[in-house]
Amino acid sequence: MPAELAGGLAYWLRRLGGGVTGAIAQLGYVARFLLAVLWHTPAAFRRIQLTLREIYFSGVLSLVIILMSGLFVGMVLSLQGYETLKRYGADEQLGILVALALVRELGPVIAGLLFASRAGSAITAEIGLMKTTEQLAAMEMMAVNPVARVVAPRFWGGVISMPLLAALFSGFGIFGGYVVGVRLIGIDAGAFWGQMQAGVDFWPDVTNGIIKSVVFGIAVSLIAVFEGFDAKPTAEGVAGATTRTVVISSLAILALDFVMTVFMFRGAASA
Amino acid sequence: MNRSTIDLWVGVFVAIGFGAILFLALKVGNLLTLDRSPGYRLEANFENIGGLKLRAPVKAAGVVVGRVERVRLDPKTYDAIVTMRIDSEYEFSKDTIAAINTSGLLGEVYIALDAGGDPQMLKEGDRITKTQSAVVIEKLISQFLFEKASEASGKDQGGGQPAPAAKGAEGAKK
């Protein structure tokens, strides 16, 4: 009986250890993949047209969903914020509420989540399918490095698009908040903008939002290209990789956001 | 999709993206009018600064004329020393009074400057000597409750002592 128990315990411990070492090995693999992407970046940028194409696919084609979401998030934020602020007679502070919430948190985070599901999944599916149809292997046969030709442009296209999309999300959100707050509810426009300008600082509020969106851009793009490159070359493998991209990117965005917020606004809160 | 169309759209995208960042910086964050003006520093001692925070406004007659730059504790007198940066276009006389006020019951805490009539003006690094500390609401409430309680107990113990006399005594003690 004790031998059986020890055997069962050893089995579970071995599984736990295997899981941890597997995760560490995966992390190391991702890190080496990132280094390979950065190493091949100069070669990829020599044909800048490839990267511009990817900015078009992940940035320009995401514009509609990002702008519409930003507009509606801003409008809802304005309505809800007004309801709460009105109780304290502070409804003129609506501008600060909308702008700070969007610039600091909602802009980078929601734009990042949308970007992961709109562009990240497409990148993973595209690279995964290239691998499945052996296009990547064919490139290597022709002495074309697939990391330089396929992966690096997609990575940089995402990294460049993401901060711009987040800024557009925040901008349109504030515009939506203005439309509802000033045009619909009837808050004084001067108070709305004046309070906002008094309460929001370029440094650190806006810059921290930009830093966040850059970090999310790097995280989502890396996860997307890695999952595509690492996908099992089957239809199921590509499907699983696409799902993993969206799930892991979303969790990574939320976790990174929490960690960065702790560091960024701890100083500001105690000041 | 040919090459020049992609270039055009990427150009439009990058341009409006930077436009949005510019909008956040200028219209929302108000980067341009952020106190970049050199200004000069003034110091003031307060017994208690209450909820005064860094970058809190300094107002004269309700107009923002500067910001609180630094708050520290005098290690000897245990007073709070507040350093403010005042816009250089405004000058205040030597006998200016600085008071810590709150706009509304829950509003922001700011420093109000009340200019006097002294012909000499305050210069960089000068100290405002006439100050009025923050009103701490908890203190006021406890003082009020304490007075009420002592009033009531005075009535109980003194028996025939009339209430107005007790009140007068309290006032005199203060």
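Residues numbered from 1 in each chain as written. Chains lettered and ligands numbered in written order. Predicted model: local features only at pLDDT ≥ 70, side-chain atom pairs only at ≥ 80, totals over all residues.

**Q** How should I be thinking about the overall build of chain B in this particular structure?
**A** Within chain B, the secondary structure is distributed over three helices and eight strands. Mapped in sequence order, the helices and strands of chain B form the string α-β-β-β-β-β-β-β-β-α-α. For chain B, with 174 residues in total, the buried portion stands at 20%. Residue pairs in contact within chain B that sit at least 24 positions apart in sequence constitute 60% of those at least 6 positions apart. (Helix = DSSP H or I, 4+ residues; strand = E, 2+ residues; numbered from the N terminus. Buried ≥ 20, exposed ≤ 12 C-beta atoms within 10 Å, placed from the backbone. Contact = placed C-beta atoms within 7 Å.)

**Q** Could you clarify how one ought to interpret the overall build of chain A in this entry?
**A** Along the backbone of chain A there are ten helices and zero strands. Moving toward the C terminus, one meets the helices and strands of chain A in the order α-α-α-α-α-α-α-α-α-α. Along the three orthogonal principal directions, the C-alpha set of chain A runs to about 65 × 65 × 35 Å. Classification of the 271 residues of chain A by burial places 45% in the buried group. Counting contacts in chain A only where the partners sit at least 6 residues apart, residues at least 24 apart contribute 87% of the total.

**Q** What should I look at first to understand the environment of D205 of chain A in this one?
**A** By secondary structure assignment, the location of D205 of chain A is in helix α9 (residues 202–230). Look past the residues within four positions of D205 of chain A in its chain and what remains in contact with it is L100, V103, R104 and V200 of chain A together with G29 of chain B.

**Q** I tried to follow the interface of chain A and chain B on my own but got confused; where do I start?
**A** Interface size is commonly expressed as the accessible surface area that is lost when the partners come together. On the chain B side, the residues contacting the 26 residues of chain A number 22 residues. Sorting the residues of the side of chain A that touches chain B by element identifies α3 (48–58), α5 (94–132), α7 (146–185), α8 (189–199) and α9 of chain A as the ones contributing at least two each.

**Q** Looking at this structure, how should I read the sheet that holds strand β6 (residues 109–114) of chain B?
**A** Within a sheet, adjacent strands bond to each other through the backbone by hydrogen bonds, running parallel or antiparallel. Residue and element names in this part refer to chain B. The strand order β7-β1-β4-β3-β2-β6-β5-β8 describes an open sheet built from eight strands, whose pairing is mixed. Among the strands making up the open sheet, the edge pair consists of β7 (126–128) and β8 (130–132). The average undirected angle you get between the axes of adjacent strands in this sheet is 30°. Here strand β5 (residues 97–102) pairs with β8 via three bridges, running parallel. In the strand pairing of β8, A98 is matched with T131. (Pairing = 2+ DSSP bridges. Axes fitted to C-alpha atoms, helices over the stretch in contact; angles between N-to-C directions.)

**Q** Any chance you could explain the confidence of the model for chain B here in plain terms?
**A** Should the pLDDT be low somewhere, the predicted coordinates at that spot are not to be read in detail. Residues and elements named next belong to chain B. Residues with a pLDDT of 70 or more make up 82% of chain B, whose mean pLDDT is 80. Within the model, pLDDT remains below 50 along residues 165–174, and this stretch shows eight contacts once partners closer than five positions in the same chain are excluded. Reported for the predicted complex are a pTM of 0.74 and an ipTM of 0.83. (pLDDT = per-residue confidence, 0-100.)

**Q** Any chance you could explain the environment of Q49 of chain A here in plain terms?
**A** Residues and elements named next belong to chain A. With respect to the helices, strands and loops of the structure, Q49 is situated in helix α3. Taking the number of C-beta atoms within 10 Å as the measure of exposure, Q49 has 11 and is therefore exposed. C-alpha separation for the pair Q49 and P153, spaced 104 residues apart in sequence, amounts to 9.0 Å.

**Q** Explain the packing of helix α4 (residues 63–87) of chain A against α5 of chain A here, please?
**A** Helices that pack against each other are described as a pair by the angle of their axes relative to one another and the distance between those axes. Residue and element names in this part refer to chain A. Where α4 contacts α5, the two axes come as close as 10 Å, and the packing angle between them is 145°. The crossing of α4 and α5 is right-handed. From α4, I65, I66, S69, V73, G74, L77, S78, G81, Y82 and L85 reach across to α5, where they touch L94, L97, V98, A101, L102, L106, I110, A111, L114 and R118. For the contact of α4 with α5, the class distribution of residues is 15 nonpolar, four polar and one charged. (Left-handed = near helix turned anticlockwise from the far one by under 90°. Nonpolar A, V, L, I, M, F, W, Y, C, P; charged D, E, K, R; others polar.)

**Q** Teacher, can you tell me more about the pairing of strand β3 (residues 63–73) of chain B here?
**A** In summary, the side chains of a regular strand alternate between the two faces of the sheet. All names here are of chain B. Alignment of strand β2 (residues 57–60) against β3, held across four bridges, turns out to be antiparallel. Residue pairing across strands places V58 opposite G66, the latter belonging to β3. Note that β3 and strand β4 (residues 80–86) share seven bridges and pair antiparallel. From the neighbouring strand, V71 faces β4, where its bridge partner is V82.

**Q** Sorry if this is basic, but what is going on with unusual backbone geometry here?
**A** With glycine set apart, most residues show a phi of negative sign, and most peptide bonds adopt trans. If you check the backbone angles, E134 of chain A has positive phi at about 60° while not being a glycine. Position of E134 of chain A relative to the elements: it lies in the loop between α5 and α6 (135–141). Despite not being glycine, Y78 of chain B has its phi angle at roughly 60°, a positive value.

**Q** Would you mind showing me how to read the pairing of strand β1 (residues 40–46) of chain B here?
**A** All names here are of chain B. Two elements, β1 and β4, share seven bridges in a ladder whose sense is antiparallel. Looking at the pairing, L42 lines up with M84 of β4. Across three bridges, the pairing between β1 and β7 is parallel. Directly across from L42, in β7, lies its bridge partner D126.

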